[in-house]
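# Residue-level structure breakdown
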Amino acid sequence: MKGVTLPTETVFVMENSPIKFGLGAMDEVGFDASRLGIRKALIFTDRHISELGLAERVRALLEEQGVKADVWDGVEVEPTDRSMEEAGEYARSKDWDGLIAVGGGSTIDTCKAANLLTCYPAPLLDYINKPVGKGVAIPGPVRPLIAVPTTAGTGSETTAVAVTHIVDQNVKAGVSHRLLRPALGIVDPLNTLTAPPEVTAAAGADILTHAIESYTTRPYNARAKHHPPDRPAYIGANPASDIWCEKAIEYVGKYLRRAVLSPLDLDARVNLALAANYAGVGFGNAGVHIPHALAYPIAGLVREYVPSGYRTTHPLVPHGVSVVVTAPATFRFTYATSPERHLRAAELMGVSTAGLSERAAREVLPGALLALMRDVGIPNGLTALGYGEGDVPALVEGTLKQPRLLSGAPRAVGSAEIAALLRDSLRLW
């Protein structure tokens, strides 16, 4: 009604999966599975991780504790709705009471989807967020899932989201519900030592973008009041998430270059694994905004780009690359909404912000991002991924299909603003 002011939110929720962290933490997976009541497990992984022997190592550790386990290595890197449906079909054909995901975000998200599709069979699109899918709420609890990440990036071991590429719509979208969170995340930095430099760089870019987006998203108390059952997993920036995001930004700024240039730098690997987990806790509650909304069509509409360092021959844009390529333009655009937070993020990345003019202050966070991106080998903008001016309308259309993410934008954003951000991101330096 005209003239009626809706009440704003006064409550924020802080939820995350229990985490076991440390060198050798994976060795305790059998104990933890048994503790969670798992007697027959399915281990999900991709073929590369399977070839490295990690999944078989987990199977042996489970069986030492009396937990029977089968390994399925059919996970696709950057999964599609079709590959997730295939995973669900496989899971429904087996007898199991718990899942173990051994891999990066693609594996953990696929495992979440298979869990959901087994416990509550339905087409995956029923659960995918509107308007891409139907946005049906998850009916109830799912079975225990233990996430064992092998990259330092997505933080999926603690989040309530599973993201996929919807093939027929050429766009990425996700299922978001607090019941999807894993029962436990086991973060062993030793598992990241075999990640190629390009994978480490993309995953680290994902951490950083998660953290800065969550730090600058529209605050929880600037959003409409929710009834408890309707409160979304992404509630907006809040004092608890801020703490996790700040530490994640600091650690990426300090350790990502080292991990890319010296892959066996164990100190760097440990701290990046911490950063990924911290960012997962932060964005898993606060939420992300414009760069992630832009990233979904950037990944979904890829034609020819095949990233080096990834075990794939088909075109794909790694998630961390798809989010970070528009981050400099985005944070230039959102600077006015909270200058102090944008400057603080740059400071956490190691950049001095003292005595800057207003114009220079607006550029300091984009500049810090660009310097890091160049140092770790991130592609130089959308043109390097195969996009041009003529692709902007389709990318805008795909971005507008992400209202769950755009609702967190700290500044009003529509077709014109999205198009401008994309054009500013065609070439970065």
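One structure accompanies this document, and this report is about it. On a predicted model such as this, the values are computed, not experimentally measured, just so you know.

Residue placement: Leu180 occurs in the loop between β7 (171–176) and β8 (184–187). Exposure remark for Leu180: the relative accessible area of 4% places this residue in the buried category. Taking C-alpha positions, Leu180 is 9.9 Å from Cys111, a pair spaced 69 residues apart along the chain. If near-sequence neighbours (up to four positions away) are discounted, Leu180 is found in contact with Lys112, Leu116, Ile138, Thr159, Ala160, Ala162 and Val175.

Moving on, we come to the packing of aromatic side chains. Aromatic rings in a pair are described by how distant their centres are and how their planes are angled relative to each other. Scanning the model with the defined rule gives eight aromatic pairs in all. Taking the centre distance of 6.5 Å and the plane angle of 75° together, the rings of Phe44 and Tyr90 count as edge-to-face. Here Phe44 is found in strand β2 (residues 40–44), whereas its partner Tyr90 is found in helix α4 (residues 81–92), with 46 residues between them in sequence. Of the two residues, Phe44 and Tyr90, neither departs from the other in class, the shared state being buried. Judged by centre distance (5.3 Å) and plane angle (70°), the ring pair of Trp244 and Tyr278 falls under edge-to-face. Linking Trp244 in helix α8 (residues 239–261) with Tyr278 in helix α9 (residues 266–286), this pair joins segments that are 34 residues apart in sequence. On the accessibility criterion, Trp244 (32% relative accessible area) is partly exposed. What links up through ring pairs into an aromatic cluster is the set Trp244, Tyr251, Tyr255 and Tyr278. For Arg143, the ring lying beneath its charged end belongs to Trp96, and the centroid distance is 4.5 Å. In this structure, Arg341 is placed above the aromatic ring of Tyr215, and the distance from its NZ or CZ to the ring centre is 4.7 Å.

Quick notes on the rules
Residues numbered from 1 in each chain as written. Predicted model: local features only at pLDDT ≥ 70, side-chain atom pairs only at ≥ 80, totals over all residues. Heavy atoms only, no water. Helix = DSSP H or I, 4+ residues; strand = E, 2+ residues; numbered from the N terminus. Buried < 20%, exposed > 50% of the residue type's maximum accessible area, 1.4 Å probe, protein only. Contact = heavy atoms within 4.5 Å. Phe/Tyr/Trp six-rings, centres within 6.5 Å; stacked < 30°, edge-to-face > 60°. Lys NZ or Arg CZ within 6 Å of the ring centre and 35° of its normal.

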